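Examining the three-dimensional arrangement
What follows is each chain in one-letter form.
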Amino acid sequence: MSLFPVNYVEDQDFHYVDWRPLRAASPQSRQQLPRSTDPIPAWQPQKGNYLTGPIPTTIGLISKLSNLSFSDNRLSGQIPKELGNLANLLELDLSENSLSGPIPKEICNLKNLSYLSLWENSFYGQIPNEIGNLTNLLMLDLSSNSFSGHFPKEFCDLTNLQDLLLSGNSLSGLLPMEIVNMTSLRILDISYNQLEGELPRSLASLINLQGLGVSMNYFTGIIPPDLGRNNTLSIVFLDNNFFTGEIPEAVCSGFNLTYINVRNNSFSGPLQKCSRNCSQIIFADFSQNQFTGELSPDWTKYENLEELYIDGNKISGGIPLEIHFPSTTSPPVPWEYEDSNSRLLCGSPDGLNYSCA
């Protein structure tokens, strides 16, 4: 049984519907609701109810609606194409439900939309190319669904987009060179897909990029040499791909870097190049690669460092005694390990007795 108050849905004068705690504003209070010329209040996800059943098609009659959230409910069925009639809609959040089917092309008529979240549903099919018409989008989250097909080149027309979250789907093919047009992009997460080929060099031209996640794909080749040169990258997840060569110094030695994970690739070269200027680093995982050389004493300078993983490489020499982990009593890393039947790394971090003898 659906819990939607359909009698409210038929009223076309609403501008903001709050389904938490499952109520809409009374007629007496409507004069307090924002009109189209008024500033929209800060939007908060309307989460955690028990709405069931499909989204009613009659919701498309609320022509002045500006914010709509059905997040974290138990809705099922497909997105009604009538949602495309809500020309004033600024924010649409249907995340954390059991909705399915393809994205109706009518959603791409919502030219004023700045926030669209469909994450953690069961949507499938190709992402419509028409989504490139939503040029006012600032945040697009389609993660944790079953979308397939290629990364739409039309995404690259979204020059105002700041956050693009596509992880946990079945996207395949290459990342287009045209991504250079997405100059406002701050977060790009395409992890857990089936993308392949090399990362386009144009990725390094995204001067506002702060977070990059490409984990668990089939990417190959080297990392663009200029990636991170603008010193904005804070989070870099490249793990579980087929990357080769050295990690560009600009990526792993940035002043703003807090998290870096390159685990399970075929990176090589001296690891000490990745330890300069990382004063904010909290987490670093370089394990299961082909790094060589000694562990740099530079790692001893970083007071925020909590986790450092280097197992499964060809790193040799001693462990700098000054390395410490402020949140743990012992380092969360197998400092002493076997590699090709020979012990390569030894020492005594934080007073633990690992002898080099």
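The name given to the protein in an unreviewed UniProt entry is Disease resistance R13L4/SHOC-2-like LRR domain-containing protein, with the source organism recorded as Acorus calamus. For the record of the protein, the UniProt heading Subcellular location (unreviewed entry) holds the text "Membrane".

1. What to know about the overall build of the protein
Each helix and strand in the protein was counted, giving 2 helices and 26 strands. Per-residue burial over the protein gives 49% buried out of 357 residues. Within the protein, contacts between residues at least 6 apart in sequence are counted, and of these 49% link residues at least 24 apart.

2. A closer look at the sheet that holds strand β6 (residues 115-117)
If you walk across this open sheet you meet the 11 strands as β2-β4-β6-β8-β10-β12-β14-β16-β18-β20-β22, and the pairing is parallel. Lying at the two open borders of the sheet, with one neighbouring strand each, are β2 (67-69) and β22 (307-309). Shown here is a sheet whose adjacent strand axes are inclined to one another by a mean of 10°, direction ignored.

3. Description of unusual backbone geometry
Its identity is not glycine, yet methionine 216 carries a phi of approximately 55°, on the positive side. With respect to the helices and strands, the residue methionine 216 is situated in the loop between β14 (211-213) and β15 (218-221). Even without being glycine, asparagine 264 reaches a positive phi, approximately 60°. With respect to the helices and strands, asparagine 264 occurs in the loop between β18 (259-261) and β19 (266-270).

4. Concerning the pairing of strand β11 (residues 170-173)
Both faces of the sheet carry side chains from a regular strand, because those side chains alternate between them. Across the two faces of β11 the burial differs, with Leu171 and Gly173 buried and Ser170 and Ser172 not buried at all. In this structure, strand β9 (residues 146-150) lies alongside β11, joined through 3 bridges in parallel fashion. Counterpart to glycine 149 in the pairing with β11 is leucine 171. Examined bridge by bridge, β11 and strand β13 (residues 194-197) share 2 bridges and lie parallel to one another. Along β13, the bridge assignment pairs serine 172 with glutamine 194.

5. Quick notes on the side chain of asparagine 121
With respect to the helices, strands and loops of the structure, asparagine 121 is situated in the loop between β6 and β7 (122-126). What makes asparagine 121 buried here is its relative accessible area of 8%. A polar contact of 3.0 Å, which involves the side chain of asparagine 121, links it to the backbone oxygen of leucine 94. In terms of polar contacts, asparagine 121 uses its side chain to reach the backbone amide nitrogen of asparagine 97, at 3.3 Å. Beyond its immediate sequence surroundings of up to four residues, asparagine 121 is in contact with Leu94, Ser95, Glu96, Asn97, Ser98, Leu99, Ser144 and Asn145.

6. So, the nonpolar core
Ranked by internal contacts, the top residues of the largest apolar core, which has 80 residues, are Phe155, Leu164, Ile260 and Phe286. Ignoring sequence-local partners within four residues, the contact set of isoleucine 260 consists of Val236, Val251, Cys252, Ile281, Phe283, Ala284, Asp285 and Phe286.

7. Notes on the environment of tyrosine 218
Relative to the helices and strands, tyrosine 218 resides in strand β15. In this structure the C-alpha to C-alpha distance between tyrosine 218 and leucine 195, which are 23 residues apart in sequence, comes to 5.7 Å.

8. Side note on the packing of aromatic side chains
Per the stated rule, a full pass over the model turns up 9 aromatic pairs. When the centroid spacing of 6.3 Å and the interplanar angle of 10° are considered together, the rings of phenylalanine 123 and phenylalanine 147 count as stacked. Of the two residues, phenylalanine 123 sits in strand β7 while phenylalanine 147 sits in strand β9, which places them 24 residues apart along the sequence. Accessibility classification places phenylalanine 123 together with phenylalanine 147 in one group, the buried group. On the numbers, 5.3 Å between centres and 80° between planes, the contact of phenylalanine 151 with phenylalanine 155 is edge-to-face. There is no split in this pair, since phenylalanine 151 and phenylalanine 155 are both buried. Three or more aromatic residues joined by ring pairs make a cluster, and in this case those are Phe219, Phe243, Phe267, Phe286 and Phe291.

9. What to know about the pattern of salt bridges
Any two side chains of opposite charge can pair, given that their charged atoms come close. Evaluated as defined, the whole model comprises 3 salt bridges. For aspartate 226, the salt bridge identified is with arginine 229, shortest N-O distance 3.3 Å. Given a relative accessible area of 42%, aspartate 226 falls into the partly exposed group. Residue classification places arginine 229 among the exposed residues on the basis of a relative accessible area of 54%.

What counts and how
- Residues numbered from 1 in each chain as written.
- Predicted model: local features only at pLDDT ≥ 70, side-chain atom pairs only at ≥ 80, totals over all residues.
- Heavy atoms only, no water.
- UniProt positions renumbered as here; feature names shortened; annotations may be inferred.
- Helix = DSSP H or I, 4+ residues; strand = E, 2+ residues; numbered from the N terminus.
- Buried < 20%, exposed > 50% of the residue type's maximum accessible area, 1.4 Å probe, protein only.
- Contact = heavy atoms within 4.5 Å.
- Pairing = 2+ DSSP bridges.
- Axes fitted to C-alpha atoms, helices over the stretch in contact; angles between N-to-C directions.
- Polar contact = N/O pair within 3.5 Å; in protein donor to acceptor, adjacent residues only side chain to side chain.
- Core = buried A, V, L, I, M, F, W, Y, C linked by side-chain atoms within 4.5 Å.
- Phe/Tyr/Trp six-rings, centres within 6.5 Å; stacked < 30°, edge-to-face > 60°.
- Salt bridge = Lys/Arg side-chain N within 4 Å of Asp/Glu carboxyl O.

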